[in-house]
Amino acid sequence: MKKTRLCDLLGIEYPIIQGGMVWITNAELAAAVSNAGGLGLISPTAGMSLNDDQVAHLRQQIRTAKSLTSKPFGVNLPLLTPGIEDLIAVVIDERVSVVVTAAGNPALYTSRLKEAGIKVLHVAAAVRHAQSADRRGVDAVIAEGYEAGGHNGLDEITTFALVPQVVDAVTIPVVAAGGIADARGVVAALALGAAGVQMGTRFVATHECAAHPNFKEAIVKANDVDTVITGRKLGPARILKNEFAARILEMEAAGASAEELIAFIGIARSRTGQLEGDLVNGEAYCGSIAGMIKEIKSAGEVIQSIVDSYDTVLASLR
Ligand SMILES: Cc1cc2nc3c(=O)[nH]c(=O)nc-3n(C[C@H](O)[C@H](O)[C@H](O)COP(=O)(O)O)c2cc1C
């Protein structure tokens, strides 16, 4: 498989990043991805109870990952997370190799992280956000289309349209995210000018991921049309269709205010869906590529199957 400048930047063998996924991307998954030659990312809240101390939990996870792999791994830090200052201090203190920031202003912490020797990648869903991250000195930008599971950009640009436009607008490496789950997607992303890919939904359906078995099974059973964007008023997110999604959409169609929607959603609905496995009342972030995922595998098998078919896909283009 092609070695790209992302591999050189991050010290990894294959240009594949396992995206950070709130509540479920635990140390075991991140270490398995890194051991297989990609870059695994831990989420500060992965597997966490609501009453746990997030800072101590993250430190413990970083130490667990260090005990499971000698390869580089990273931490995903959504910048609007309450207590973000303390989380930044932990990744610096624990000398994590890579931080992927998202959902917030890259001006805030990029230089501090880089001064500590950490590579910084930032998730952007529009060209102007990618350019702004580039100006703030990030090492690479992750261009995420709105096929992606989880929170999306407001402009609803697809990966296929977004990636080449970001590639043309910045000089740093661009990582494509959203709608990629096999070697065809990786080859397509590289053809668009990306230096690598970030995958989320594919890694939910792995043995190592902390996601509840109901969530993994729901991904395996999903079809192409089984996800939907909710929360266009609050902050859009692509989630699995279920009763929770239907109720939110009904409320939105009826003109519910942001306050009413927040009151309905309550606290940590995404934890209820993804970690507790309540796929009726819980919110399960999921990308539209779920329809292509037919099997729960180990994280290493996911990476190896991409590596094994990469050359065949390339050859089919000649
Ligand atoms: C269950 C789930 C939770 C996610 N949580 C986060 C998160 O906490 N932080 C973040 O930056 N991205 C998050 N994402 C986005 C992923 O990191 C990744 O960019 C995205 O899943 C890629 O698109 P795909 O789902 O089509 O592979 C989440 C995605 C999923 C499916």
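Basis of the calculations
- Residues numbered from 1 in each chain as written.
- Predicted model: local features only at pLDDT ≥ 70, side-chain atom pairs only at ≥ 80, totals over all residues.
- Near = placed C-beta within 6 Å.
- Helix = DSSP H or I, 4+ residues; strand = E, 2+ residues; numbered from the N terminus.
- Nonpolar A, V, L, I, M, F, W, Y, C, P; charged D, E, K, R; others polar.
- Buried ≥ 20, exposed ≤ 12 C-beta atoms within 10 Å, placed from the backbone.
- Contact = placed C-beta atoms within 7 Å.
- Pairing = 2+ DSSP bridges.
- Core = buried A, V, L, I, M, F, W, Y, C linked by C-beta atoms within 7 Å.
- Domains from an automatic or database assignment.
- Axes fitted to C-alpha atoms, helices over the stretch in contact; angles between N-to-C directions.
- Parallel < 35°, antiparallel > 145°, perpendicular 65-115°, else oblique.
- Left-handed = near helix turned anticlockwise from the far one by under 90°.
- Arc of directions from axis to C-beta.

Peer 1: I would appreciate a short explanation of the site of the ligand in the present structure.
Peer 2: Around the ligand, a shell composed of 29 residues is seen, among which Gly19, Gly149, Gly150, Gly200 and Gly287 lie nearest. Contributing elements (two or more residues each) for the shell around the ligand: β3 (74–78), β9 (196–199) and α9 (201–204). Grouping the constituent residues of the shell around the ligand by class yields 13 nonpolar, 13 polar and 3 charged.

Peer 1: What is the right way to look at the environment of Ala89 in this model?
Peer 2: If you trace the backbone, Ala89 turns up in helix α4 (residues 84–93). As for Ala89 and Arg112, which are separated by 23 residues in sequence, their C-alpha atoms are 9.8 Å apart.

Peer 1: Is there a simple way to explain the environment of Ile289 in this structure?
Peer 2: With respect to the helices and strands, Ile289 occurs in the loop between α13 (269–274) and α14 (299–315). Ile289 sits in the buried class, given 25 other C-beta atoms within 10 Å. Separated by 124 residues in sequence, Ile289 and Gln165 place their C-alpha atoms 22 Å apart. Setting aside residues no more than four positions away along its own chain, Ile289 makes contact with Glu147, Gly179, Ile180, Ala181 and Thr201.

Peer 1: Even after reading the chapter, I still don't get the sheet that holds strand β11 (residues 237–240), so can you show me in this structure?
Peer 2: The strands that make up a sheet pair up through hydrogen bonds in the backbone, lying either parallel or antiparallel. The sheet built from 3 strands is open, its strands ordered β7-β11-β10 with antiparallel pairing. Because the sheet does not close on itself, it has two edges, and the strands there are β7 (150–151) and β10 (227–230). Sheet topology note: the β10/β11 ladder contains 4 bridges and is antiparallel. In the sheet register, Ile229 faces β11, and the bridge partner there is Arg238.

Peer 1: Please clarify how the nonpolar core should be interpreted in this entry.
Peer 2: Nonpolar side chains in soluble globular proteins tend to end up buried together. Ranked by internal contacts, the top residues of the largest apolar core, which has 103 residues, are Val141, Ala143, Val175 and Val197. Considering every element that reaches this core, the biggest residue donor is helix α2 (residues 27–35), with 6 residues. In terms of domain composition, this core takes at least three residues from each of domain 1 (5–210 + 295–315) and domain 2 (213–289). Not counting the four nearest positions on each side in its chain, Val197 is found in contact with Pro15, Ile16, Ile17, Val175, Ala176, Ala177, Ile180, Gly185, Val186 and Ala189.

Peer 1: Looking at this model, I keep getting lost on the packing of helix α3 (residues 54–68) against α4. Mind explaining?
Peer 2: The axes of two packed helices give the description: the angle between them and the distance between them. Direction vectors running N to C along α3 and α4 enclose 25 degrees, while the axes themselves pass 10 Å from each other. What the angle tells us is that α3 and α4 run roughly parallel. Considering the relative orientation of α3 and α4, their crossing is right-handed. Contacts between α3 and α4 involve Val55, Leu58 and Arg59 on the former and, on the latter, Asp86, Leu87 and Val90. Considering only residue class, the contact of α3 with α4 consists of 4 nonpolar, no polar and 2 charged.

Peer 1: I keep staring at unusual backbone geometry and nothing clicks. Help me out?
Peer 2: It is generally the case that most residues other than glycine have a negative phi and that most peptide bonds are trans. Phi is positive for Arg95, which is not a glycine, with a value near 55 degrees. Its location among the elements puts Arg95 in the loop between α4 and β4 (98–102). In this structure, Ala268 is a non-glycine residue whose phi angle is positive, near 55 degrees. Structurally, Ala268 can be placed in the loop between α12 (258–265) and α13.

Peer 1: Honestly, the sheet that holds β4 in this entry has me stumped. Any pointers?
Peer 2: Read across the open sheet, the 8 strands follow the order β1-β9-β8-β6-β5-β4-β3-β2; overall the sheet is parallel. Only two strands of the sheet have a single partner each, and these edge strands are β1 (16–18) and β2 (41–42). Bridge count for β3 against β4 is 5 bridges, and the pairing is parallel. Across the sheet, the residue bridging to Pro78 is Ala102, located in β4.

Peer 1: Just checking my understanding: could you explain the pairing of β11 for this structure?
Peer 2: Within a regular beta strand, the side chains point alternately toward one face of the sheet and then the other, so they alternate between its two faces. Pairing geometry for β7 and β11, over 2 bridges, is antiparallel. The residue of β11 that forms the bridge with His151 is Ala237. Counting the residues in the hairpin turn of β10 and β11 gives 6 residues, including Gly231, whose phi is positive at 75 degrees.

Peer 1: What should I look at first to understand helix α7 (residues 159–169) in this one?
Peer 2: Because each turn of an α-helix spans 3.6 residues, side chains separated by three or four positions in sequence point in the same direction. Listed in full, the buried residues belonging to α7 are Thr159, Leu162, Val163, Val166 and Val167. Projected down its long axis, α7 shows its buried positions confined to an angular sector of 125 degrees, all on one face. Opposite the buried face of α7, by more than 90 degrees, sit the exposed residues Ala161 and Asp168. Packing partners of the buried residues in α7 comprise α6 (127–135), β6 (140–144), β8 (174–177) and α8 (183–191).

Peer 1: Would you mind showing me how to read the domain arrangement of the protein chain here?
Peer 2: How big an interface is tends to be stated in terms of the accessible area lost upon association of its parts. Per the domain assignment, the segments making up the protein chain are domain 1 (5–210 + 295–315) and domain 2 (213–289). Between the C-alpha centres of domain 1 and domain 2 the distance comes to 22 Å. Taken together, the contact between domain 1 and domain 2 spans 24 residues of the former and 19 residues of the latter. Within the residue set of the side of domain 1 that touches domain 2, elements represented by two or more residues are β7 and α9. A per-class count over the side of domain 1 that touches domain 2 returns 13 nonpolar, 9 polar and 2 charged.

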